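Residue-level structural notes
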Amino acid sequence: MFKKFCPIHVCRKLTILVVMGSLIFSSVFLPGCIEEGYSNIEIVDLSYGKINNSLNPAEKWLTSNLKEKGCFNYIYEPSTEEYSNKNNMIRQLMASRLLAELCQTNSSLGTLHQKNLDFIFEYWYEENNETGYIFYSDKSKLGANAMALRTLVYSPFFDDYQEEATKLANSIFSLQNTDGSFEPWYIAPDYEYDKDYLLTFYSGEAILSLVEMYIKTNDSIYLAAAVKSQDFYIDRYVVHLEDYYYPAYVPWHTQSLNKLYKITGEEKYADAIMVLNDELLKIQDTNDCSTLGRFYDPMHPEYGSPHSSSDGVYAEGLAYAYEVARLINDTAHQNKYKIGIMLGVHNLIDLQYDSSDDKIDGAIRYNIDDYRIRIDTTQHTIDAFRKILDVFDDETDNSWNYVYDLETEILIEYSQDAQGDKEGANNAVWYALTVGTIVSIALLFIIYLVVKKKQR
């Protein structure tokens with residue numbers, strides 16, 4: 001009627017219970033011990049070492065993707081190992097501008113840069129009397145002409161191309177209306193288009209190119225034109241933010257506003273930067289571990305899908321905004337933008353390839369779910385990291401990291417020493433758990449042997 005009591009069976013069951021109890025303790029209580037009370041945190045690192053470890057392979061990837069004929073590979077699909085036949089002039093020329101800038105500190109890239117310029121001016125550049133323009137697929141974009149001008153302004157060969165630069169600037173002048181607004185096309189396509197949408201990109205790019213042309217030549221005609229257009233778009237995009245807001249214009253206008261503030265010292269430019277970037281930060285992901293730092297709000301699909309290209313240029317724009325906040329001693333905005341920058345860097349590094357395959361190593365993929373690489377996904381990341389390193393050059397202590405708590409959305413600074421203490425504490429917890437489990441099992445095994453011996 002009743003089963004006979006068996007100590008051996010009891011010991012066996014106790015052993016199983018001890019092991020199961022250890023596993024339950026590990027899964028339920030240990031994470032809380034390890035994170036010292038935080039159940040969901042991320043480590044965010046803005047140190048020079050961390051960013052340089054990402055920046056260097058990214059630059060290597062970009063320069064290695066200039067094709068033999070002189071233009072860049074546009075899109076690469078790792079799953080098929082194929083390059084796309086698609087192309088885009090603005091994105092090509094953004095990479096060209098970056099290559100030109102890299103040449104300023106790395107003369108070994110001069111041959112690649114010259115090859116790129118030769119291709120651009122042989123196949124994409126045309127002139128009409130005193131204007132020069134980029135012509136591709138039967139149209140010429142304001143943004144493409146602006147990027148071509150920026151490429152020459154940053155080029156160490158500017159003196160050799162000053163005539164072409166002047167004519168490109170003239171084409172931008174020709175698209176400026178009397179009120180300072182722009183038209184989006186030098187040569188318009190034969191299909192319908194959304195003028196206002198295109199100008200959310202092109203307007204800031206055009207103003208930026210004119211400001212940089214002024215800085216390069218010291219010719220006031222370029223500054224006057226830039227100021228005229230910037231004033232128009234401050235009214236449109238800042239004063240009437242609620243009517244016209246679109247995130248894409250924020251980083252481009254932030255860059256031009258930054259440079260105009262440094263030139264003129266006028267507060268309206270600094271104020272505009274703060275308004276624009278405060279609004280931009282509203283779409284940065286601050287509470288999802290897998291996408292922490294990206295700029296995407298599913299409640300506003302009209303702002304575009306999540307994309308590392310926009311993540312990169314938004315992070316770059318925040319660095320320009322931070323720089324101005326520091327110049328005007330606005331510590332509240334400095335702290336706010338620093339957090340946004342750090343989370344943005346965290347996101348971009350998470351999207352970077354670390355591979356033995358040279359075709360992808362160092363590149364930045366589209367997003368967390370799309371593994372394709374487009375030339376501007378990496379180019380914008382490089383521009384962002386270079387600006388961030390420049391802005392934080394005299395501020396960042398390489399020995400500091402940051403803990404970001406996703407539940408409270410608080411960023412906490414901590415030292416490597418503190419991290420070492422934390423890791424030591426974590427190791428002690430693991431050690432105690434392991435030793436306790438082993439000792440428990442050993443004791444039960446000894447009891448088992450003793451009971452078994454008595455039964456004999």
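The text that follows walks through the structure, step by step, so that each part is easy to find. None of these values were measured; they are calculated from a predicted model.

1. With respect to the packing of aromatic side chains
Tallying each qualifying case throughout the model produces 21 aromatic pairs. Pairing Tyr 237 with Tyr 249 gives two aromatic rings, centres 3.8 Å apart and planes at 10°, and the pair type is stacked. Linking Tyr 237 in helix H9 (residues 220-239) with Tyr 249 in helix H11 (residues 249-264), this pair joins segments that are 12 residues apart in sequence. The same class applies to Tyr 237 as to Tyr 249, namely buried. Between Tyr 245 and Tyr 303, the aromatic rings sit 5.8 Å apart at their centres with planes inclined by 90°, giving edge-to-face as the arrangement. Highlighted residues: Tyr 245 in the loop between helix H10 (241-244) and H11 and Tyr 303 in the loop between helix H12 (267-280) and helix H13 (308-327), separated in sequence by 58 residues. Among the aromatic residues, those joined into a ring-pair cluster are Phe 182, Tyr 197, Phe 201, Phe 232, Tyr 233, Tyr 237, Tyr 245, Tyr 246, Tyr 249 and Tyr 303. Lying across the ring of Tyr 366, Arg 372 places its NZ or CZ 4.2 Å from the centre. Over the face of the ring belonging to Tyr 320 we find Lys 387, whose NZ or CZ atom lies 4.3 Å from the ring centre.

2. Here's the deal with H13
In an α-helix, one full turn covers 3.6 residues, which means residues spaced three or four apart are oriented alike. Here H13 spans 29 Å end to end across 20 residues, near enough to the 28 Å set by a 1.5 Å rise per residue. Summarising burial for H13: 18 of the 20 residues are buried, a large majority. Backbone geometry just downstream of H13 places Asn 329 in the positive-phi region, at approximately 60°.

3. Side note on the environment of Leu 199
With respect to the secondary-structure elements, Leu 199 resides in helix H8 (residues 195-217). Owing to a relative accessible area of 5%, Leu 199 belongs among the buried residues under this scheme. With 18 residues separating them in the primary sequence, Leu 199 and Ser 181 have C-alpha atoms 9.1 Å apart. In contact with Leu 199, not counting residues within four places along its chain, are Leu 142, Phe 182, Glu 183, Pro 184, Tyr 233 and Tyr 237.

4. Focus: the nonpolar core
The biggest cluster of nonpolar side chains holds 120 residues, and the ones touching the most others in it are Leu 46, Ile 134, Phe 182, Ile 341, Phe 385 and Ile 388. In terms of residue count, the dominant contributor to this core is H8 (10 residues). Leaving out residues up to four positions away in the same chain, Ile 134 has contacts with Met 89, Leu 93, Ile 120, Trp 124, Tyr 125, Lys 139, Ser 140, Lys 141, Ala 144, Asn 145 and Ala 148.

5. Re empty space enclosed by the protein
Applying the stated criterion to the full structure yields one cavity of 30 Å³ or more. Looking at the largest cavity, its volume works out to about 30 Å³. Counting residues per element, the ones that place at least two in the lining of the largest cavity are strand E2 (75-77) and strand E8 (373-374). The class makeup of the residues in the lining of the largest cavity is seven nonpolar, two polar and one charged.

6. A look at the sheet that holds E8
Strand order in this open sheet of three strands is E3-E2-E8, and the pairing throughout is antiparallel. Looking at strand neighbours, the two that pair on one side only are strand E3 (82-83) and E8, the edges of this open sheet. With two bridges joining them, E2 and E8 adopt antiparallel strand pairing. Among the inter-strand pairings, Tyr 76 is bridged to a residue of E8, identified as Ile 373.

7. Overview of unusual backbone geometry
A positive phi angle is found at Asn 218, which is not glycine, with a value near 60°. Relative to the helices and strands, Asn 218 is located in the loop between H8 and H9. At Asn 329, a residue that is not glycine, the phi angle is positive and equals roughly 60°. On the secondary structure map, Asn 329 appears in the loop between H13 and helix H14 (331-350).

8. Some remarks on the pattern of salt bridges
Counted by the stated rule, this structure contains 21 salt bridges. Close ionic contact of Arg 150 with Glu 212 constitutes a salt bridge, the shortest N to O distance being 2.7 Å. Taken together, the residues Arg 150 in helix H6 (residues 142-154) and Glu 212 in helix H8 connect sequence positions 62 residues apart. Each member of the pair Arg 150 and Glu 212 is classed as buried. Linked through salt bridges whose partners overlap, the residues forming this network are Glu 59, Arg 97, Glu 101, Asp 383 and Arg 386.

Reading the values: the criteria
- Residues numbered from 1 in each chain as written.
- Predicted model: local features only at pLDDT ≥ 70, side-chain atom pairs only at ≥ 80, totals over all residues.
- Heavy atoms only, no water.
- Phe/Tyr/Trp six-rings, centres within 6.5 Å; stacked < 30°, edge-to-face > 60°.
- Helix = DSSP H or I, 4+ residues; strand = E, 2+ residues; numbered from the N terminus.
- Buried < 20%, exposed > 50% of the residue type's maximum accessible area, 1.4 Å probe, protein only.
- Lys NZ or Arg CZ within 6 Å of the ring centre and 35° of its normal.
- Expected span 1.5 Å × (residues − 1).
- Contact = heavy atoms within 4.5 Å.
- Core = buried A, V, L, I, M, F, W, Y, C linked by side-chain atoms within 4.5 Å.
- 1 Å grid on protein atoms, 1.4 Å probe; cavity = no way out; pocket = protein on both sides within 12 Å on 5 of 7 lines; lining within 4 Å.
- Points joined across faces, edges and corners; volume = space filled by probe spheres on them.
- Nonpolar A, V, L, I, M, F, W, Y, C, P; charged D, E, K, R; others polar.
- Pairing = 2+ DSSP bridges.
- Salt bridge = Lys/Arg side-chain N within 4 Å of Asp/Glu carboxyl O.

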